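Structural features, examined
If you want the building blocks of each chain, they are given just below.
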Amino acid sequence: MGLSIEEQKAVDRFRKAVVEPSQTKLVILDFWAEWCGPCKALTPVLEKVAGEYADKGVVLAKINVDEEQFIAAQFQVRSIPTVYAMFQGQPIADLTNARSESQLKAILDQLLAQLPVEGGAGEPGAPQGPSPEELAQFAKMGEEALSAGDAQRAASIFAQITEFAPENAPAHAGLVRALVQSGELEQARQVMEVIDSDPRLAADAAIAPARSALELAGERVDDGELAALRAAAEAAPADMDAQLVYAEAAFAAGERDAAADTLLAMIAADREWNEGAARAKLLKIFEATGLEDEWVVGVRRRLSRVLFG
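Residues numbered from 1 in each chain as written. Predicted model: local features only at pLDDT ≥ 70, side-chain atom pairs only at ≥ 80, totals over all residues. Heavy atoms only, no water.

Next up on the list: the nonpolar core. Within the largest apolar cluster, 81 residues are counted, with the highest numbers of intra-cluster contacts made by Leu 26, Ile 28, Val 176, Val 180, Leu 263 and Leu 282. If you tally residues by element for this core, the top one is helix H7 (residues 169-181), at 8 residues. Those residues in contact with Val 176, other than ones at most four positions away along the chain, are Ala 188, Val 191, Met 192, Ile 195 and Ala 210. Residues Val 27, Val 59, Ile 63 and Val 65 belong to the second largest nonpolar core, which totals 21 residues. (Core = buried A, V, L, I, M, F, W, Y, C linked by side-chain atoms within 4.5 Å. Buried < 20%, exposed > 50% of the residue type's maximum accessible area, 1.4 Å probe, protein only. Helix = DSSP H or I, 4+ residues; strand = E, 2+ residues; numbered from the N terminus. Contact = heavy atoms within 4.5 Å.)

Take helix H6 (residues 151-164) next. Note that an α-helix has 3.6 residues per turn; residues three or four places apart therefore point the same way. Compared with the 20 Å implied by 1.5 Å per residue over 14 residues, the 20 Å span of H6 between its first and last C-alpha is a close match. Within H6, burial applies to Ala 151, Arg 153, Ala 154, Ala 155, Ile 157, Phe 158, Gln 160, Ile 161 and Thr 162. If you follow the buried residues of H6, they end up packed against helix H2 (37-52), helix H5 (132-147) and H7. (Expected span 1.5 Å × (residues − 1).)

For the rest of this paragraph, the subject is the pattern of salt bridges. The final tally for this structure, using the stated rule, is 20 salt bridges. The salt bridge involving Lys 105 is made with Glu 101; its shortest N-O contact spans 3.8 Å. Residue Lys 105 and its partner Glu 101 are both found in helix H4 (residues 101-114); the two are separated by 4 residues, about one turn of the helix. On the accessibility criterion, Glu 101 (29% relative accessible area) is partly exposed. For Arg 153, the salt bridge goes to Asp 150, with nearest N and O atoms at 3.3 Å. Classification of Arg 153 by relative accessible area gives buried; the value is 18%. (Salt bridge = Lys/Arg side-chain N within 4 Å of Asp/Glu carboxyl O.)

As a further point, take a negative patch on the surface. A surface patch of negative charge is lined by Glu 34, Asp 66, Glu 67, Glu 144 and Glu 294. Relative to the helices and strands, Glu 144 is located in helix H5. Given a relative accessible area of 37%, Glu 144 falls into the partly exposed group. (Patch = residues over 30% accessible without salt bridge, like charges linked within 9 Å, V, L, I, M, F, W, Y side chains within 5 Å. Areas by Shrake-Rupley, 256 points an atom, 1.4 Å probe, with all protein chains shown as cover. Lys, Arg positive; Asp, Glu negative; His and termini not counted. Charge placed at Lys NZ, Arg CZ, Asp CG, Glu CD.)

On average, residues of the protein chain carry a pLDDT of 89, and 96% of them reach 70 or more. In this model, residues 121-128 is a region of pLDDT below 50 whose contacts with residues beyond four sequence positions or in other chains number 6 contacts. (pLDDT = per-residue confidence, 0-100.)

All right, on to the state of the cysteines then. Summed over all chains, the structure comprises 1 disulfide. At a sulfur-sulfur separation of 2.3 Å, the disulfide partner of Cys 36 is Cys 39. Looking along the S-S bond of the Cys 36-Cys 39 disulfide, the torsion reads about 80°, which is the right-handed sense. With respect to burial, Cys 36 and Cys 39 carry one shared label: buried. (Disulfide = S-S within 2.5 Å.)

Structural data, given as structure tokens:
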């Protein structure tokens, strides 16, 4: 009543993300923002506890106060993080001061003992663990953590998803990419072996970026060799082979800006060299990193300028 179109849209998003799930679940509602340091410290705690309590009917919903200012205003959020427990569309407890796992679990245990929350267990044939929607929400959190450079937290989130849903190919792919980004190559290879042992997982299109990430990481060298490759590339800018080898090693070492700069320079100099090898390598880097990643979006713009002026 009396709301603008944008406010109506905000209310609808909130209804779908929080109010509807809270009719049968206990929703942890987290108000946060990208610039909030304490929020970043609390997020892993909320995600971990929500994952562990998913089969008891607990769901985590996150509200970015910068993107959903109208909703934050309705809850009179004056500082963040602000965290509420929601049930049947109503806030029933303020969880803001529960900053540790033990504190949060103690409050959740009390609430769950008093409320008719529908968990994963119960009647024969009832679904076990998180719903597909909840798993998708956790997967989104994992991708956000990976894009933000928090590979360890991303790996933890994706690993939890694969435990609940062993057939979830995007989660397996995210776990491989997160392990690669954090330098845990042997663990990443072990996960890829699990993937390859299941024909359905191995054939899923979501696995391709993870496979590319693992392949690119295999070109990693030690610091001394990387410095030598950099020096060789700088000394012979026209030597395309030297440029490509350095770009591969730089990306594997986590120096993706240097890798992109080198490959873009190669494409600008001779885009057809070696059947377009530099462009093919850059596209493989895009795939391994994730096409929605902000860094990839920026480099793709630069690539477009090189190719099309």
